[in-house]
Amino acid sequence: MSLLLLSLALAHVVSAPHQYKDKESVGVDPTMATIVVRSNYYTGIELFRKVEAMDRASWDSIRQDAYAKAAKKYQRALKTYETDIKMWNSGSSYDRQLLRSKPVKPAEVTLDTIPMAPIELDNYVGVGRKPFVAEDTAGMRTFIVKVVPGTYYLAGAPNPMGAIGVGTCFCMGTVGFTVRPGQLVDVGTVRGPPKDFYAPATFTPPAAGAAALPQLAGRVAEPATIFAAGKMANFKATPVTRLNPVQGMLGYDRDVPLDVANGGQPIPAVR
Amino acid sequence: MPNIKFTPTAADESDYVKYFFFNRADTDFATAYADIAECDNYARGRPAGRAGSNAVASAVASQFGLAGGIIGGMIAGAIVEAQMASDRRKLRRGIMRTCMGFKGYSAFGLPKTLWSAFNFEEGSKQTEEDHRMGFLQMQAKIASGPRPTLGEIL
């Protein structure tokens with residue numbers, strides 16, 4: 001059990017993204033994936049990795065472990081309470097003076113009372129405004145990030161300091177892509193309004209050869225296969241918005257995201 | 001049905017940005033309620049957002065605390081909390097306007113006194129679930145009712 005927990009904890013550490021600096025060359029890591037992404041949001045860009053069965057198993061395991069510890073603590077507190085309440089009820093003024101006040105029964109511990117953040121919060125990959133590998137005069141920054149392989153969604157702009165009203169969530173319509181181990185992909189460009197986290201952002205899909213960056217040392221980032229994605233929950237309680245329609249890919253029927261590439265079907269929510 | 005009839009004053013109009021409701025033509029109550037509830041969920045977010053905000057408040061408050069002692073820290077903490085409550089109210093308004101706007105609803109302003117009868121603000125504390133549901137139902141009733149004749153926010 002503890003070995004499993006250790007390996008799961010390590011998996012969490014390993015999953016932390018690495019954001020390359022402009023003078024850093026991008027090596028090849030066959031177990032990880034590398035993405036090139038551009039954003040003009042002053043806080044950077046945020047990705048959300050789809051919660052896979054393995055992630056859920058990891059989270060459940062940590063939760064069960066926390067529950068087991070809390071349950072043991074609860075049992076000890078309950079025993080103390082039972083002893084104390086017996087003393088209190090004996091009516092001895094000496095005992096009552098010792099206890100000072102009537103003992104309170106500890107609240108029962110269940111899996112649901114364990115204070116643990118939703119699993120989804122573990123799967124956000126915040127790409128901060130720095131470091132970046134390039135920036136144009138309009139403030140569009142290019143980021144190279146090493147991430148755990150998987151399916152990702154463009155989730156919005158991060159809120160690094162937790163300030164209320166900063167950052168945004170493309171909760172009401174976005175796009176996603178899948179990246180495999182060892183792969184180097186360009187996932188395109190997000191252009192948001194400079195100071196308005198509620199206004200829709202414009203996504204430009206990657207073009208072949210757009211990511212010819214010196215940091216890649218001759219390697220070519222292939223354009224990722226981008227797909228339209230549905231709504232997401234606002235786990236980080238930031239302002240919400242969505243991507244503007246993307247020609248041939250993402251459309252809307254009022255607020256309902258549509259998969260234009262596949263006949264305009266409504267897209268199920270991201271889970 | 002809550003009262004939304006009033007004669008606007010200049011003060012009312014300047015507060016439309018804070019006190020508003022929604023309406024959309026050809027919308028039934030069930031649809032309006034589902035729409036408002038969905039946007040309310042976005043506005044509520046998740047505790048993680050609040051935890052982050054509290055961390056910032058604590059950090060700022062502790063800076064004041066170091067400089068000005070315990071009392072200074074408490075005063076700074078209260079000021080920070082008041083600012084945070086104001087920011088949370090603003091965030092909720094922004095999310096509701098954006099979300100309902102994507103759904104095709106128009107927003108209409110009204111005086112705070114009328115607005116308070118079927119709306120709630122969440123600055124320092126959360127609204128209890130049964131009260132929240134009651135307010136959202138009243139909002140849905142108006143959102144699916146006749147189109148208001150004044151106060152549209154463009």
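Residues numbered from 1 in each chain as written. Chains lettered and ligands numbered in written order. Predicted model: local features only at pLDDT ≥ 70, side-chain atom pairs only at ≥ 80, totals over all residues.

## Some points on the overall build of chain A
For clarity, the threshold we go by: Secondary structure elements follow DSSP: runs of H or I of four or more residues count as helices, runs of E of two or more count as strands, with numbering from the N terminus. With the radius of gyration taken over C-alpha atoms, the globule rule is written as 2.2 Å times the number of residues to the power 0.38. As a rule, residues whose C-beta atom has 12 or fewer other C-beta atoms within 10 Å are exposed, those with 20 or more are buried, and those in between are partly exposed; C-beta atoms are placed from the backbone. For the purpose of contact definition, each residue receives a C-beta atom placed from its backbone, and two residues are in contact when these atoms lie within 7 Å.
Secondary structure summary: chain A contains three helices and 16 strands in total. Taken over C-alpha atoms, the radius of gyration comes to 25 Å for chain A, far larger than the 18 Å a tight globule of 271 residues would show. Sorting the 271 residues of chain A into buried and exposed places 37% on the buried side. Partitioning the intrachain contacts of chain A with sequence separation of at least 6 by distance along the chain shows that 76% fall at a separation of at least 24.

## Focus: the interface of chain A and chain B
The cut-off we apply is this: By the convention adopted, Pro, Cys, Tyr, Trp, Phe, Met, Ile, Leu, Val and Ala count as nonpolar, Lys, Arg, Asp and Glu as charged, and the other residues, Gly among them, as polar.
Facing the 22 residues of chain A at the interface are 22 residues of chain B. When its residues are assigned to classes, the side of chain A that touches chain B shows 13 nonpolar, five polar and four charged.

## So, the sheet that holds strand β16 (residues 265–266) of chain A
All names here are of chain A. Convention followed: Strands are treated as partners if at least two bridges between them are detected by DSSP.
Taken in spatial order, the three strands line up as β14-β15-β16 in an open sheet, and their pairing is antiparallel. At either margin of the open sheet sits one strand with a lone partner, and together these are β14 (250–253) and β16. Pairing of β14 with strand β15 (residues 256–259), which is carried by four bridges, proceeds in the antiparallel orientation. Directly across from L250, in β15, lies its bridge partner D259.

## Overview of the confidence of the model for chain A
Heads up, the rule is: Note on scores: pLDDT gives the predictor's confidence for each residue, bounded by 0 and 100.
Looking at chain A as a whole, the pLDDT averages 91, with 94% of positions reaching at least 70. Low pLDDT (under 50) marks residues 1–14 of chain A, which in the prediction has nine contacts with non-local residues, meaning those over four places away or in another chain.

## Side note on the environment of A:V220
Residue and element names in this part refer to chain A. Considering the arrangement of structural elements, one finds V220 in the loop between β11 (202–204) and β12 (222–223). C-beta crowding within 10 Å serves as the criterion here: with 13 such atoms nearby, V220 is assigned to the partly exposed category. Between the C-alpha atom of V220 and that of L154, which follows or precedes it by 66 residues, the distance is 22 Å.

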